[in-house]
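# Breakdown of the fold
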Amino acid sequence: MSAVLKTIHITSACLFLGNVIVSGTWAALAERTRDHKIIRFSNRMVLITDLLFTLSGSLGVVITGYLMAAPMGGGALNPWIRWSYLLLGLSGLIWAFVLVPIQLRQRRILATTDTITDEYLRLSRLWQITGAVATLLPLPILYFMIAKVH
């Protein structure tokens, strides 16, 4: 297994995990201000950084992970790889089908009003809860990669 591939894999994991953790923090801190301009800016930055770091990090993890796992028999021979695929896949599904659509709805709300509406706050609570789940799901993968649990 190449050191370059491992380096790209670990860097991608850091980008992915770092951004999903920081995004939730940014949003929560911005919303505590109840300042429409700050919240709108935060929403915009979370969307941009999700595309730059979460998406690129997750693609890097998936591609390099697959390339490194294939010579070891992949998920067929290694339960920890199957679990890693499952956890990352579930996190990705939540991100793609729940979190991003909520962020886009929030963005539309913020663009059409200069106040923080009840609908925005309801969506925010849902985003924080499902975002926490999507963030926690991949964390065990770190352990699996290191311990290679059978």
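I will try to describe carefully the structure that is included in this document.

The rules we used
Residues numbered from 1 in each chain as written. Predicted model: local features only at pLDDT ≥ 70, side-chain atom pairs only at ≥ 80, totals over all residues. Heavy atoms only, no water. Helix = DSSP H or I, 4+ residues; strand = E, 2+ residues; numbered from the N terminus. Buried < 20%, exposed > 50% of the residue type's maximum accessible area, 1.4 Å probe, protein only. Contact = heavy atoms within 4.5 Å. Axes fitted to C-alpha atoms, helices over the stretch in contact; angles between N-to-C directions. Parallel < 35°, antiparallel > 145°, perpendicular 65-115°, else oblique. Left-handed = near helix turned anticlockwise from the far one by under 90°. Nonpolar A, V, L, I, M, F, W, Y, C, P; charged D, E, K, R; others polar. Expected span 1.5 Å × (residues − 1). Polar contact = N/O pair within 3.5 Å; in protein donor to acceptor, adjacent residues only side chain to side chain. Core = buried A, V, L, I, M, F, W, Y, C linked by side-chain atoms within 4.5 Å. Bend = angle between axes of the 7 residues up to and from the residue.

## Concerning the overall build of the chain
Counting its secondary structure elements, the chain contains six helices and zero strands. Based on the C-alpha atoms only, the size of the chain along its principal axes is roughly 55 × 25 × 20 Å. By the burial criterion, 41% of the 150 residues in the chain qualify as buried. Within the chain, counting contacts between residues at least 6 apart in sequence, those at least 24 apart form 75% of the total.

## Remarks on the packing of helix H1 (residues 3-33) against helix H5 (residues 118-136)
Where H1 contacts H5, the axes come no closer than 10 Å and their chain directions differ by 155°. One finds that H1 runs roughly antiparallel with respect to H5. Taken as a pair, H1 and H5 cross one another with a handedness that is left-handed. Here Val20, Ile21, Ser23, Gly24, Ala27, Ala28 and Glu31 of H1 lie close against H5, whose contacting residues are Tyr120, Ser124, Trp127, Gln128 and Thr135. Tallied by class, the residues present in the contact of H1 with H5 amount to six nonpolar, five polar and one charged.

## Describing H1
Along its 31 residues, H1 runs 45 Å from first to last C-alpha, staying within 8% of the 45 Å computed at 1.5 Å per residue. Within H1 the residues assigned to the buried category are His9, Ser12, Ala13, Phe16, Leu17, Asn19, Val20, Ser23, Gly24, Ala27, Ala30 and Glu31. Where H1 is buried, its residues contact helix H2 (36-69), helix H4 (79-112), H5 and helix H6 (139-147). The N-cap residue of H1 is Ser2: its side-chain oxygen and the backbone nitrogen of Val4 are 3.1 Å apart. Directly after H1, the chain includes Arg34, whose backbone phi takes a positive value near 60°.

## What to know about the nonpolar core
Looking at soluble globular proteins, one finds that nonpolar side chains tend to be buried together. Ranked by size, the top nonpolar core spans 29 residues in total, and within it Ile39, Leu99, Ile116, Tyr120 and Trp127 carry the most contacts. When contributions to this core are tallied by element, the ones reaching two or more residues are H1, H2, H4, H5 and H6. Looking at which element gives the most residues to this core, the answer is H4, with 10 residues. When near neighbours in sequence (up to four residues on either side) are disregarded, Trp127 contacts Ser23, Gly24, Ala27, Val46, Leu99, Ile102 and Gln103.

## Quick notes on the environment of Lys37
In this fold, Lys37 is placed in helix H2. Given the relative accessible area of 70%, Lys37 is considered exposed. For the pair Lys37 and Thr113, spaced 76 residues apart in the sequence, the C-alpha separation amounts to 11 Å.

## Quick look at H2
Its 34 residues place the ends of H2 46 Å apart at the C-alpha level, agreeing with the 50 Å of an ideal helix rising 1.5 Å per residue. At Asp50, H2 is bent by approximately 40°, the largest bend along its length.

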